[in-house]
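# Observations on the three-dimensional arrangement
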Amino acid sequence: MGIRFILMVNKQGQTRLAQYFEYLTIDQRRALEGEIVRKCLARNEQQCSFVEHRNYKIVYRRYASLFFLVGVDNEENELAILEFIHLLVETMDRHFGNVCELDIMFHLEKAHFMLEEMVMNGCIVETSKSNILAPIQLMDKAS
């Protein structure tokens, strides 16, 4: 399947966006997020951006005050997921203009929509920034 979940978390460990591609109950999600966030935020910048946790491989990257965490299968390519995280941030930058935590908080539906355009059922299906943003720009024009 590939990608199991995508999280965006601030430096205090508060989840700002969570997208899951497998079924987990709310309690399981809360416990998993807490464990992963504590583990990733405790690491320093000199350590690598890959962590193994339970049956997941966590690939994360920090951009300004946000951490982007992606949980994947153990067979998934970590560098490809780092590229995906970078593409996601570049796409959000293009739409919001230097994306920050407040953009995610106040435009959560647009952030989810971008993710849904890029990932379907745990597989990356779109990597073109213009193709990802075209439906969002149409919605902005209509409103």
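A short tour of the structure in this document, coming up. (Residues numbered from 1 in each chain as written. Predicted model: local features only at pLDDT ≥ 70, side-chain atom pairs only at ≥ 80, totals over all residues. Heavy atoms only, no water.)

### Some thoughts on the overall build of the protein chain
Secondary structure assignment for the protein chain yields five helices and seven strands. Ordered by position in the sequence, the α and β elements of the protein chain form the string β-β-α-β-β-β-α-α-α-β-β-α. Radius of gyration (C-alpha) of the protein chain: 15 Å, near the 15 Å computed for a compact globule of 143 residues. In terms of overall dimensions, the protein chain has C-alpha extents of about 45 × 30 × 30 Å along its principal axes. Among the 143 residues that make up the protein chain, the fraction classed as buried is 42%. Put simply, 49% of the contacts in the protein chain that link residues at least 6 apart link residues at least 24 apart. Accessible area for the protein chain stands at about 7800 Å²; split by element, carbon and sulfur atoms hold 49% of it. (Helix = DSSP H or I, 4+ residues; strand = E, 2+ residues; numbered from the N terminus. Rg over C-alpha atoms; globule rule 2.2 N^0.38 Å. Buried < 20%, exposed > 50% of the residue type's maximum accessible area, 1.4 Å probe, protein only. Contact = heavy atoms within 4.5 Å. Areas by Shrake-Rupley, 256 points an atom, 1.4 Å probe, with all protein chains shown as cover.)

### A short note on the sheet that holds strand β3 (residues 50-53)
Overall, antiparallel pairing links the five strands, which are arranged β2-β1-β5-β4-β3 in an open sheet. With partners counted over all chains shown, the strands left at the sheet margins are β2 (15-20) and β3, one partner each. Averaged over all adjacent pairs, the angle separating strand axes in this sheet is 20 degrees, with direction ignored. Helix-sheet contacts for helix α1 (residues 26-41) involve β1 (3-10), β2, β3, β4 (56-63) and β5 (66-72), and the interaxial angle to β3 is about 140 degrees. Those strands touched by helix α2 (residues 78-96) are β1, β3, β4 and β5, and its axis lies near 40 degrees from that of β4. (Pairing = 2+ DSSP bridges. Axes fitted to C-alpha atoms, helices over the stretch in contact; angles between N-to-C directions.)

### Concerning the nonpolar core
Side chains that are nonpolar tend, in soluble globular proteins, to be buried together. Ranked by size, the top nonpolar core spans 30 residues in total, and within it Ile3, Ile6, Phe68, Met92 and Ile104 carry the most contacts. Counting only elements with at least two residues in this core, the list comes to β1, β4, β5, α2, α4 (108-118) and α5 (129-142). Considering every element that reaches this core, the biggest residue donor is α2, with nine residues. Discounting residues that sit within four places of it in the chain, Phe68 has contacts with Leu7, Met8, Val59, Tyr60, Arg61, Tyr63, Ile85, Leu88 and Val89. (Core = buried A, V, L, I, M, F, W, Y, C linked by side-chain atoms within 4.5 Å.)

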